[in-house]
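Coordinate analysis (summary)
Residues per chain are reported as follows:
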Amino acid sequence: MSDASGTAPVDEEARARNLVEAERKALHLFEEAGRRGLIAPGESERTVSDRVRDLGAELFGTDRHWHKRVVRSGPNTLLPYKENPPDRLIEADDIVFLDLGPIFAEWEADFGRTFVLGDDPVKHRLRDDLPRIFDAGRAHFEAHPDISGAELYAHVVGLAEEAGWEFGGAHSGHLVGEFPHEWIDGERIESYIAPGSDHAMRRTDPSGRRCHWILEVHLVDREGGFGGFFEQLLTLHR
């Protein structure tokens, strides 16, 4: 059924449920990859990426991702998403992060987690700071109803610096939704949580759908030669 304008109404509750369910499956995929020891010394980043992709097919019947699959270890963890470093063998004392965008029943998930394979206390501290800074960024977003993407980015960068890290990304998140999510446009800064994204984040897209956002935290220890990554839904909670 359509409204008077001829446009089908948007079931926002169903959209929210579907996005949360996609993220729940992504979380299960990451946890199962960890339990099965897929992220291990001696494996290449590409091998880990392929095995996690295949695990998604085994668990959920999907091997599609809406953005490139990212597995980074050691010094590669310093690099932002847009870079494409050579494949690298994971070492025994490495920090490793995964940034995957699996599609579940035509709904996008975008999920990132960091794994520390050795006992390095600085790497463990960085890994543990990632969700803490994410939660602080989400709390700031929830406390400021009219916040813009640029304002949230500046706040998250400040949180990283207060914790003693460099923020490693030119943005700290983006829109997410149905696949393909046409409103995510690399040429449109309004699609990102980034400098210059000056519109209120709480808005509707050109199709009249509520905007939902992913928040990304990329922390870097430039001197130590490593970084870490964490991302999940900002605007919806499991």
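Above this text is the structure in question.
So, here is what we can say about the structure in this document. (Residues numbered from 1 in each chain as written. Predicted model: local features only at pLDDT ≥ 70, side-chain atom pairs only at ≥ 80, totals over all residues. Heavy atoms only, no water.)

Brief notes about the side chain of Arg72
Inspection of the secondary structure assignment puts Arg72 in strand 1 (residues 70–73). Here Arg72 occupies a buried position and makes no salt bridge, while the nearest side chain of opposite charge, Glu45, is found at 6.3 Å. Polar side-chain contacts of Arg72 include one of 3.0 Å to the backbone oxygen of Pro80. At a separation of 3.4 Å, a polar atom in the side chain of Arg72 contacts the main-chain carbonyl oxygen of Tyr81. When near neighbours in sequence (up to four residues on either side) are disregarded, Arg72 contacts Glu45, Thr77, Leu79, Pro80, Tyr81, Glu83, Asn84, Pro85, Ile95, Val96 and Phe97. (Helix = DSSP H or I, 4+ residues; strand = E, 2+ residues; numbered from the N terminus. Buried < 20%, exposed > 50% of the residue type's maximum accessible area, 1.4 Å probe, protein only. Lys, Arg positive; Asp, Glu negative; His and termini not counted. Salt bridge = Lys/Arg side-chain N within 4 Å of Asp/Glu carboxyl O. Polar contact = N/O pair within 3.5 Å; in protein donor to acceptor, adjacent residues only side chain to side chain. Contact = heavy atoms within 4.5 Å.)

Thoughts on the pattern of salt bridges
Under the definition given, this model contains 17 salt bridges. Between Glu43 and Arg51 there is a salt bridge, with its nearest N and O atoms 2.9 Å apart. The class of Glu43 is partly exposed, set by a relative accessible area of 22%. Put simply, Asp129 and Arg125 hold a salt bridge, and the shortest N to O gap is 3.8 Å. Remark: Arg125 and Asp129 occur in helix 3 (residues 121–143); sequence separation between them is 4 residues, near one turn of the helix. Here the salt bridges do not stand alone but share partners, grouping Glu32, Arg35, Arg36 and Glu58 into one network.

Quick look at the packing of aromatic side chains
Going through the model one piece at a time under the given rule, you end up with 4 aromatic pairs. Plain terms: the ring middles of Phe30 and Phe111 are 5.1 Å apart, the flat faces sit at 80 degrees to each other, and that makes the pair edge-to-face. Note that Phe30 is positioned in helix 1 (residues 12–35) and Phe111 in strand 5 (residues 111–116), a separation of 81 residues in sequence. We note that Phe30, like Phe111, is buried. Note on Tyr153 and Phe167: the rings are 5.7 Å apart at their centroids and 90 degrees apart in plane angle, and the pair reads as edge-to-face. Within this pair, whereas Tyr153 is found in helix 4 (residues 149–162), its partner Phe167 is found in strand 6 (residues 166–167), the two being separated by 14 residues in sequence. When its relative accessible area of 13% is taken as the criterion, Tyr153 is described as buried. It is Arg202 that lies over the ring of Phe141; its NZ or CZ is 3.9 Å from the centre. (Phe/Tyr/Trp six-rings, centres within 6.5 Å; stacked < 30°, edge-to-face > 60°. Lys NZ or Arg CZ within 6 Å of the ring centre and 35° of its normal.)

Structural notes on the nonpolar core
Counting residues in each nonpolar core, the largest one holds 28 residues, and the members touching the most others are Leu152, Ile193, Met201, Leu219 and Leu234. Every element with two or more residues in this core is listed here: helix 3, helix 4, strand 8 (212–221) and strand 9 (226–233). A total of 6 residues in this core trace back to one element, the largest contributor, which is helix 4. Beyond its immediate stretch of four places on either side in the chain, Leu219 contacts Leu126, Asp129, Leu130, Ile133, Ala160, Trp165, Glu166, Gly227 and Gly228. (Core = buried A, V, L, I, M, F, W, Y, C linked by side-chain atoms within 4.5 Å.)

Remember that the coordinates give geometry; whether it matters functionally is a separate question.
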